[in-house]
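# Observations on the three-dimensional arrangement
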Amino acid sequence: MAAMQTALKKLVAAPDADGFETLLTADERRKVIEELLEASADATLKAAVLTLLACKGESASMVDDFSTVLLEKATHCALPDCCDIVGTGGDGKNTLNISTPASLIAAAMGLTVAKHGNRSASSNSGSADVIEHLGACLTLTPEQVEAVASKTRYAFIFAPCFHPSLKCLAPIRKQLGIKTVFNIVGPLLNPAGPRFMLAGVGKRDKVDLIVSAFERKSKHTALKVLVVHSEDGLDKISPVVPTHSWLVESGQVTKYTLLKPADFGLAPSAEDTTGMLYYEGGGSPVENAAMILSVLDGGRGVVADFVCVQAAALAHVAGKGTLGECMQLARAAVRDGAARKLVDDYASASTQVAKDRSTDILARIIKRRAVDVHLARLRLPFESLEARVRDGALAATLNLAAIFDAHAALGKVGICAELKRASPSEGHIASSDLVALGKAYATAGVQVISVLTEPVWFQGSLDVMQNVRQAVDSVAKRPAILRKDFIFSKYQVLEARQHGADSLLLIVAAMGAMEEHGESLKGLIEYSRKWDMEPLVEVVSEEEVDTALSAGAKVIGVNNRDLKTFKVDLNRTGALKRYAETKHPPSALKGVHWLALSGISTSEHVQAVKNLKASGVLVGTSLMRSDDPAKMISVCLRFIR
């Protein structure tokens, strides 16, 4: 701590004009920075140093000193000729999160993008918050980042994972509540070492500082960066007013052209559209992520222009053409669906490489589904959907509990056959015609067909479920159709009914999301029944069994797979059923059916479930991968009847 104490004495005693680089030698400055990054160093001293440095004001030399030490201590990854879009933030404009969708479009244009980001510091939603709500796994190792980038040309580099030395400063910076040098140095800290960058500066009086810092950096690297600051004060290129820019390369700075909307092929607007770029507080992660999907789904208007302009400018810096030509490339990446596809591909790929790290896949899937539901409600509000379902010609449903009642009376175990193209634990499973396969399941005699409707990790859709329902309607004693998804809102219940489901899955572990959306497990069970759907309620623990029973569940499925580790324990179904029979009175269990979910792959597994006196089993991946699913179903039926 000697270096910080020495620095404090010199900084306090010096005139206001004397700064970090004039009062301390290069060796002293380095030692101060290193002590700031030591977890064991005194927090009070750290706070004092950071406060005094902020009062003295940052300089290009200070930023260079800090970035040099931080990059030396960082964990690096190798992504040759990669690009990044960054901003200093702090422009106070509360704009939508623009750099994230712009970076995705840039990757879809053929650039290799290493998006360096963190959770929000000054608004409600940072780039990490947004990309996480789009389904990405943040906590990747350098090797995993490189593996995902090799598949998708895109990588999100989560700053805390690559700059562990900054962790000890986070609580101090938060408690101080002031801007420090770390707010300025961020754009220079990408551990992938970008070759091309678009860097926005939110405060005009900080532009020279950032430009000088990049100038120093570019003297000994291959970096080429376009620094921008718009006339309306954005740390981005504005789609509605001119933007000042500076090109930095090989230690040289060129005051670049004044970038005008017309340079990107944008016509002047007859009305003030700038308000459309903002959310109060910058918008929540859900709102921002929904906006991104809306833009990448082909949305037009000033927000789409705002996003595409940034991607086009980055491509221009990387030598892909003029600003106008690159704008057309950006539009094409959206129009042909490449950018939208990349969102889901990255979420899936990052999950696959990280699956051995026990990441909480359930939480990430639910965050993404919250975005999907938010976007769906923007397009069709809840009241409108409810009226459409209420006034529509709905087909009659089959009651899930009644199906298992009938089988139990005959001493039989029902089979729920699953339709899915992929899963987080297995990745791609099959490319089968799911509608034809569903009809084959029905003809073979299954009692329930579970259709995955989650689009990213399971590659499902409501339309496929609806088509399966229509295909099995012609089968005598058709099976019930169950919507299997991550459901936490009444809106999703209505979607299920609208698309022909007889039942739907409710996951007790998703109760947190239900509560965030003003719902409860009991409320969703009752709302499902209002629309003639008896839900299947999934549990994984004794506590969840208690919760399901107290909420009034009549069909309880025990997930034998741990959703955090993907490990399967086939004994869980029996253990939780025995627990319920021991803990709860017979009256509470009357009419309750138990199903074994996950890990059922052989007829012997099915027989074991029958021995537990369970009502049914769900057979998924093994059935999808079977060369003859109908034969496999037939064998299982012989074992259990």
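Described below are features of the structure shown in this document. (Residues numbered from 1 in each chain as written. Predicted model: local features only at pLDDT ≥ 70, side-chain atom pairs only at ≥ 80, totals over all residues. Heavy atoms only, no water.)

## Here we look at the pairing of strand S13 (residues 503-507)
In plain terms, the rule: Throughout this description, buried means an accessible area under 20% of the type-specific maximum (1.4 Å probe, protein chains only), exposed means over 50%, and partly exposed covers the range between. Numbering of helices and strands runs from the N terminus; a helix is a DSSP stretch of H or I covering at least four residues, while a strand is a stretch of E covering at least two. A pair of strands is treated as paired once DSSP finds two or more bridges between them.
Burial runs high along S13: five of the five residues are buried. Residues of S13 alternate between two faces, with Ser503, Leu505 and Ile507 on one and Leu504 and Leu506 on the opposite face, all of them buried. Sheet analysis places strand S12 (residues 480-484) next to S13, joined by two bridges and oriented parallel. Paired with arginine 483 across the strands is leucine 504, a residue of S13.

## A short note on unusual backbone geometry
What is expected of a backbone is that most residues other than glycine have negative phi and most peptide bonds are trans. Even without being a glycine, aspartate 81 presents a positive backbone phi close to 55°. Here aspartate 81 is to be found in the loop between helix H5 (60-73) and strand S1 (83-87). Positioned with a positive phi, aspartate 532 is a non-glycine residue whose angle comes to about 65°.

## Observations regarding the nonpolar core
One recurring pattern in soluble globular proteins: nonpolar side chains tend to sit buried together. We apply this condition: In this text, buried Ala, Val, Leu, Ile, Met, Phe, Trp, Tyr and Cys residues form a nonpolar core when linked through side-chain atoms within 4.5 Å. Contacts are assigned to residue pairs with any non-hydrogen atoms lying within 4.5 Å of each other.
Within the largest apolar cluster, 91 residues are counted, with the highest numbers of intra-cluster contacts made by Leu419, Tyr441 and Ile449. Element by element, the count of residues in this core is highest for helix H17 (residues 361-379), at six residues. Contacts of leucine 419, omitting those with residues within four sequence positions, involve Leu434, Leu437, Gly438, Tyr441, Ile449, Ser450, Val451, Leu452, Val468 and Met624. Formed by 80 residues, the second largest nonpolar core is a distinct cluster that contains Val228, Phe306, Val307 and Ala312.

## Describing the pairing of strand S8 (residues 414-419)
Most of S8 sits inside the fold, with six of its six residues counted as buried. Side chains of S8 alternate between two faces, with Gly414, Cys416 and Glu418 and Ile415, Ala417 and Leu419 buried alike. Bridging between S8 and strand S17 (residues 616-619) involves four bridges; their strand directions are parallel. Within S17, the position partnered with cysteine 416 by the bridge is leucine 618. For S8 and strand S11 (residues 448-452), the ladder comprises four bridges, and the chain directions are parallel. Counterpart to cysteine 416 in the pairing with S11 is valine 448.

By themselves, these observations are geometric and do not establish any function.
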